[in-house]
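Chain by chain, the residues:
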Amino acid sequence: RSLLLSGVDLVDGTPILDIKPYIPCYDVPFANGPDGSEDRGAELCAKLGGEGKDLRYPDWCVPPARKIIEVIISPEAEKQLLQYEEEGVELRALPDWTAVRTAMKQV
């Protein structure tokens, strides 16, 4: 058997070690909507089909959509964050305290 590839960045003759299926809910940003509660895979397949592109994947490899858990910073934690901010605690990885709060909610 052979597999014909195009549009990939490989040096001719490079071995391909792992082939995985294309699964929209994993491979397309926000394919399940911004909060994770939608399933836009069917919409994407229809859209691409209208453009003459064929996208097929088995139903069993797409997990059911579910809403992402909302993280709420408690008043006590917010008070501590404000204290660190007012004290001028140096941030190493994030640009500002708003980014810290956003990162905490995304974990």
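Residues numbered from 1 in each chain as written. Predicted model: local features only at pLDDT ≥ 70, side-chain atom pairs only at ≥ 80, totals over all residues. Heavy atoms only, no water.

We now examine the overall build of the protein. For the protein, the helix and strand inventory stands at four helices and zero strands. Start at the N end of the protein and walk to the C end: the helices and strands fall as α-α-α-α. Out of the 107 residues in the protein, the part that is buried amounts to 19%. For the protein, the share of sequence-separated contacts (at least 6 apart) that also reach a separation of at least 24 residues comes to 39%. Carbon and sulfur atoms make up 55% of the accessible area of the protein, which amounts to about 9,400 Å² in all. (Helix = DSSP H or I, 4+ residues; strand = E, 2+ residues; numbered from the N terminus. Buried < 20%, exposed > 50% of the residue type's maximum accessible area, 1.4 Å probe, protein only. Contact = heavy atoms within 4.5 Å. Areas by Shrake-Rupley, 256 points an atom, 1.4 Å probe, with all protein chains shown as cover.)

Running from N to C, helix α3 (residues 75-87) and helix α4 (residues 97-106) point in directions that differ by 150°, and their axes come no closer than 11 Å. With respect to each other, α3 and α4 are oriented roughly antiparallel. Seen from above, α3 lies across α4 with right-handed handedness. Within the contact between the two elements, α3 uses Glu 78, Leu 81, Leu 82, Tyr 84 and Glu 85 and α4 uses Trp 97, Val 100, Arg 101 and Met 104. (Axes fitted to C-alpha atoms, helices over the stretch in contact; angles between N-to-C directions. Parallel < 35°, antiparallel > 145°, perpendicular 65-115°, else oblique. Left-handed = near helix turned anticlockwise from the far one by under 90°.)

Turning our attention to the confidence of the model for the protein. In regions of low pLDDT, the predicted coordinates are not meant to be interpreted in detail. For the protein, mean pLDDT is 77; residues scoring 70 or higher make up 67% of the total. Confidence, read as mean pLDDT per element, is least for helix α1 (residues 24-27) in the protein (62) and greatest for α3 (95). (pLDDT = per-residue confidence, 0-100.)

Tracing the chain through its elements places Trp 97 in helix α4. When the C-alpha atoms of Trp 97 and Glu 85 are compared, they prove to be 6.9 Å apart, with 12 residues separating the residues in sequence.

A few words on α4. Note that an α-helix has 3.6 residues per turn; residues three or four places apart therefore point the same way. Restricting attention to buried positions, one finds in α4 the residues Trp 97, Ala 99, Val 100 and Arg 101. Where α4 is buried, its residues touch α3. Measuring from the side-chain oxygen of the N-cap residue of α4 to the backbone nitrogen of Thr 98 gives 3.1 Å; that N-cap residue is Asp 96. (Polar contact = N/O pair within 3.5 Å; in protein donor to acceptor, adjacent residues only side chain to side chain.)

Between side chains of opposite charge, a pair can form when the charged atoms approach closely. Scanning all chains against the criterion turns up two salt bridges. One salt bridge connects Glu 78 with Arg 101, and the closest N-O pair in it is separated by 2.8 Å. Note that Glu 78 is positioned in helix α3 and Arg 101 in helix α4, a separation of 23 residues in sequence. Overall, the relative accessible area of 15% leaves Arg 101 in the buried class. Across the pair Glu 85 and Arg 101 runs a salt bridge, and its minimum N-O distance is 3.6 Å. (Salt bridge = Lys/Arg side-chain N within 4 Å of Asp/Glu carboxyl O.)

With that settled, consider a nonpolar patch on the surface. The grouping of Leu 3, Leu 5, Val 8, Leu 10, Ile 16 and Ile 19 at the surface amounts to a nonpolar patch, some 540 Å² of accessible area in total. Relative to the helices and strands, Val 8 is located in the segment before α1. On the basis of relative accessible area, Val 8 is assigned to the partly exposed category, the value being 47%. (Patch = residues over 30% accessible without salt bridge, like charges linked within 9 Å, V, L, I, M, F, W, Y side chains within 5 Å.)

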